[in-house]
Amino acid sequence: MKVVGLVASPRKLGNSEILTKEMLASLPDEVEKVMIRLTDLDIRQCNACYACLPEDKQCVINDDFAFLLEHIRQADAVIIATPCYFLGTHTTLKLIGDRLISLLQQAKEFAGKKCVVAVSYGIDGWEGYARETAVNTARFFHLDVVGTMLVQAASPGEVVKPEILDQARSLAAMLISDGQQATNSPVHACPLCGNTLLQLAPSGKVICRMCGADGQIEVIAGEVKVHFATPRHPRFSPAGMTEHGKLLEAVKDQYIAERQELNKLRKPYQQYNWWVEAKT
């Protein structure tokens with residue numbers, strides 16, 4: 001078995017690195033262990049060219065993205081660890097997230113691999129959407145997220161506490177066990193994707209903007225319950241991602257068909273040139 005730890009932090013021996021190493025160290029000796037510091041990789045911005053959308057195509061950008069994908073392909077399980085700097089994950093995960101559009105129709109290469117997510121943040125109440133971003137990154141890799149941990153720890157090394165390390169080891173054990181996904185959210189979460197950032201409409205309808213599920217609030221004896229309906233193809237399922245890829249291919253085809261007319265609409269804006277450039 002091979003487990004890959006992805007560390008989305010530039011800090012050497014920072015909390016994300018320590019949690020990843022604690023998890024890997026707790027696994028049996030026969031498990032092959034590999035770590036990748038995402039901030040050391042040359043991962044460039046998505047060009048939105050859509051060349052990668054067909055199932056048999058790859059991203060055309062020549063950088064370290066292919067290196068990252070290959071290690072995840074070879075892995076049996078994945079650990080993602082990231083700090084929360086300002087309500088969200090480290091920039092590297094956001095950058096990689098945009099590039100994962102190229103994997104929408106590649107579920108057969110990644111599906112079935114277990115993944116756990118560890119997020120550290122500094123100030124109470126300022127964890128923001130970091131957990132959601134990290135989990136969504138894993139899901140767009142087609143990984144099966146079986147557990148998460150969210151820990152308040154700002155200074156490097158602050159996670160080295162018995163109770164936190166115990167939690168990390170328990171999380172790692174989920175990668176090699178047959179147990180069910182951990183449900184450790186203290187708030188209402190989408191039962192399909194685990195997202196806790198739900199949108200509430202005035203009608204009482206609840207919408208998960210991540211996976212497309214919707215539900216209705218019901219109050220019984222003072223307790224709030226949310227009943228969700230399952231979409232035809234949940235967004236994070238292989239079928240749902242394939243469907244989304246096909247929809248984007250249709251968008252691309254429509255643009256090609258209407259390109260000349262759209263260029264005419266765009267052309268008047270060429271006269272405006274208010275750009276400023278940074279001096280190096």
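Each value, and the rule that gives it
- Along each chain, residues carry numbers from 1 onward, in the same order as the chain's sequence is written.
- At least 70 in pLDDT is required for a residue's local features to be given in this predicted model, at least 80 for side-chain atom pairs to be given and counted, and no such filter applies to totals for whole chains, interfaces and linings, which use all residues.
- With hydrogens and water stripped out, all remaining heavy atoms of the structure feed into the side-chain values.
- Boundary definitions for the domains trace back to an automatic or database domain assignment.
- A contact between two residues is defined here by any heavy atoms of the two lying within 4.5 Å.
- We define buried area as the total accessible area lost by two parts upon association, computed with a 1.4 Å probe and summed across both.
- Throughout this description, the term salt bridge denotes a Lys or Arg side-chain nitrogen within 4 Å of a carboxyl oxygen of Asp or Glu.
- We define a polar contact as two N or O atoms separated by no more than 3.5 Å, with the added condition that, inside protein, one atom must be a possible hydrogen donor and the other a possible acceptor, whereas residues neighbouring each other in sequence contribute only through side-chain atom pairs.
- Residue polarity follows a fixed list, in which Ala, Val, Leu, Ile, Met, Phe, Trp, Tyr, Cys and Pro are nonpolar, Asp, Glu, Lys and Arg are charged, and the others, Gly among them, are polar.
- Helix and strand assignments come from DSSP, with helices taken as H or I runs of at least 4 residues and strands as E runs of at least 2, each series counted from the N terminus.
- To sort residues, take the accessible area from a 1.4 Å probe on protein chains only and compare it with the maximum for the residue type: under 20% means buried, over 50% means exposed, and anything in between is partly exposed.

Per an unreviewed UniProt entry, the protein chain goes by NADPH-dependent FMN reductase and derives from uncultured Sporomusa sp.

### Describing the domain arrangement of the protein chain
Split by domain assignment, the protein chain resolves into domain 1 (2-181) and domain 2 (238-270). A separation of 31 Å is found between the C-alpha centroids of domain 1 and domain 2. Listed per partner, the contact involves 12 residues of domain 1 and nine residues of domain 2. For the pairing of domain 1 and domain 2, the buried interface totals around 920 Å² over both sides, and the portion due to carbon and sulfur atoms is 71%. Looking at the side of domain 1 facing domain 2, the largest losses of area belong to Tyr 50, Leu 104 and Gln 105, adding up to 54% of the total buried there. One can count zero salt bridges joining domain 1 with domain 2. Counting every contact that joins domain 1 to domain 2 gives two residue pairs in polar contact (both at pLDDT 80 or more). Its residues assigned to classes, the side of domain 1 that touches domain 2 shows nine nonpolar, two polar and one charged.

### A closer look at the pattern of salt bridges
When the charged atoms of two side chains lie near each other, side chains of opposite charge can form a pair. Counted according to the given criterion, the structure contains 11 salt bridges. The shortest N-O distance in the salt bridge between Arg 73 and Glu 109 comes to 2.4 Å. Taken as a pair, Arg 73 in helix H2 (residues 65-74) and Glu 109 in helix H4 (residues 107-110) lie far apart in primary sequence, 36 residues in all. Using a relative accessible area of 25% as the deciding quantity, one classes Arg 73 as partly exposed. Overlapping salt bridges bring together Glu 17, Lys 21, Arg 37 and Asp 40 as one network.

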